[in-house]
Each structure stands twice: as C-alpha cells, then as structure tokens.
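# Inside the fold
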Amino acid sequence: MVIRIFLVFTMNLYNLIIQDKEEITLNDVFLGQNNRDQLTQLIKEHTYVKELQEYGLPVNNKILLQGKSGCGKTMTAKAIANALGKSILILNLSNIVSSRIGETSQNIKMIFDKAARERSVLFLDELDQIGKARGSDDKDVGEMRRLVNTLIQLIDYYPENALLLCATNHAEIIDTALLRRFQLKISYEMPSDEFLDTFYDDLLSQFPEDLRVIDRQYHISFAEAKDHTFTSVKSALIKKLESQTMTTQP
C-alpha cells in the first residue's frame, strides 16, 4: 500500500511537469541589449562547457529571471533550451507547493534528479511562491523552512553540466539564502513605448496591410500587447469577412 501511494504521488507530480516542445529562438524574444548579451554568453558557456572546465573555469548554471510578468521569462527559458538542443522541464512551484505540502520537498528532489539525469533544462516558475508560503500561515512555517533548506541543497549540488532556470515576479520576498545561490540574475522590465512599437510592427508584419492598423496600447507587457494585437486583428478580419458576405448575398 505504501508503494502504491508513493507511485500515485509520483505520477501526480509528473503530471505537473510541462515538457514543452515549442521551438523558440532567442531572436523570438524581445530583449534589451544587456539581457541579450548575458543570455548569449550563457548559451556559449554551455556550448563549450568541457573546454571551459579544462581551464578550471566555472560555468554559470543557476540563473534567476526576475521582473514583470509577461515580459519574456518563460520564452527565454524555452529559447535557451532550444539553442542548446536540450529538452526543457517546466514546473510551476505554485502548483506543487499547494498540492501536497507534506511531500513537497521529496517531490521537488525527484524533479531535480530527473532533470540532472536527463541533462534537461529545468525551469522552475513562480519561485516566489516558496517565499510567500513561509510567512503566510504559522502552522506551515516549519514545513516551509524545511522546503527552502531542501531547495538550497538541491541547487548547491546541481551538476554543472545541467542548467537550472528559475523565474519570479517578486524577488524581494524570496529568502536571501536562496537568492545567493544564483550566479546570474537577469531582470525583465516593462517595455518602453519605442520597444513596444517595434514589437507591434513585428507582430503585424505577418498580416495584410489593411489589417495592420490597430489602436496600439502602451505601458503593458509584451504578452498583453500580443493578446491585444491578435484580438484587434481578428476583429478587423471578421468585419472584413462579414462585409464580403453581405456584398455577395443576392
């Protein structure tokens, strides 16, 4: 019975993993030049990891992507995995922490072991959920402290030839001991109006010219701009099709 329950927990855990096969390149991600340079360097380090190790040079493999939601953190993780020819395991920590808190530490360890064994890129989304949970409920403080300690140990011993990416929208509430484990921290800010215009131009270029005129919104994330663009284009296309239908009707 114990074995059966453990297997059920394991199966449920693996159901939470997103094994994304979407092919995204770094060119598909709208990045500032500093972020692009850091990520290009990261990819090159892992491309030449053996050669760097021969010189005793450490390879950055624990990366924190921090900043506003919808500004490209998940796309960045997918692009890095694609550039390295590796599969990516995506785990949203808000799901695993809230599912079975008593088994969370053990579950996360299994995911780390799986990623290290398969040399996959491991992407932990919403890392701040651990920080939030520690102080949200007194009865869970002890369990959450053990979870943070487990995560710190897993990060410390994560093999150099594997890559761990974590994302958070609220780095300020994450345990400082966790933050110190990341060798590279990349910040994502809300795009400027000029950057959004470039993004809009790129999105709209795939459509006929008469569908490219939309009411552009600013002070929003790339994800929000993309949703707004596609909604506007669909609305314009439907009106166009309806007009054509009415014209052809007897």
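Let me begin by describing the structure that accompanies this report. (Residues numbered from 1 in each chain as written. Predicted model: local features only at pLDDT ≥ 70, side-chain atom pairs only at ≥ 80, totals over all residues. Heavy atoms only, no water.)

### Concerning the side chain of K73
Test applied: The numbering of helices and of strands both runs from the N terminus, where a helix is a DSSP run of H or I of at least 4 residues and a strand a run of E of at least 2. Buried, partly exposed and exposed residues are distinguished by accessible area as a fraction of the type maximum, computed with a 1.4 Å probe on protein chains only: under 20%, between the cut-offs, and over 50%, respectively. The convention is simple: Lys and Arg are positive, Asp and Glu are negative, and His and the chain ends are not counted. Salt bridges, as used here, are contacts in which a Lys or Arg side-chain nitrogen is within 4 Å of a carboxyl oxygen on Asp or Glu. Polar contact is defined as a pair of N or O atoms within 3.5 Å, subject to the rule that within protein one atom must be able to donate a hydrogen and the other to accept it, and that residues adjacent in sequence are counted only when both atoms are side-chain atoms. Whether two residues are in contact is decided by their heavy atoms: any pair within 4.5 Å suffices.
Within the fold, K73 resides in helix α4 (residues 73-84). Buried within the structure, K73 lacks any salt-bridge partner; D125 is the closest side chain of opposite charge, at an N-O distance of 6.4 Å. A polar contact is formed between the side chain of K73 and the backbone oxygen of G67, at a distance of 3.3 Å. Separated by 2.8 Å, the side chain of K73 and the backbone oxygen of K68 make a polar contact. Once residues lying within four places of it in the same chain are set aside, the contact partners of K73 are L65, Q66, G67, K68, F123, A167, T168, N169 and Y188.

### Digging into the side chain of T76
Locating T76 in the fold gives a position in helix α4. At 2.8 Å, the side chain of T76 forms a polar contact with the side chain of Y188. The residues touching T76, leaving out its near neighbours within four places in the chain, are V29, L31, L39, L65 and Y188.

### Here's the deal with the nonpolar core
Taken as a class, soluble globular proteins show a tendency for nonpolar side chains to be buried jointly. As a reminder of what qualifies: Side-chain atoms within 4.5 Å are what join buried Ala, Val, Leu, Ile, Met, Phe, Trp, Tyr and Cys residues into a set we call a nonpolar core.
Counting residues in each nonpolar core, the largest one holds 30 residues, and the members touching the most others are F112, L122, L124, L127 and L151. Going through the elements one at a time, β3 (88-92), α5 (93-99), α6 (104-118), β4 (121-125), α8 (141-156), β5 (163-168) and α9 (176-179) are the ones with two or more residues in this core. Counting residues per element, this core draws most heavily on α8, at seven residues. Look past the residues within four positions of L127 in its chain and what remains in contact with it is L64, L93, L151, C166, A167, T168, I174 and F182. In terms of nonpolar packing, the next biggest core, distinct from the first, is built from 25 residues, L39, I43, I88 and L163 among them.

### Description of the environment of F230
Note on placement: F230 falls in helix α11 (residues 222-248). Taking relative accessible area as the criterion, F230 reaches 26% and is therefore assigned partly exposed. Once the C-alpha coordinates of F230 and L204 are considered, the two residues, 26 residues apart in sequence, prove to be 8.8 Å apart. With near-sequence residues (within four places) excluded, F230 lies in contact with L203, Q206 and F207.

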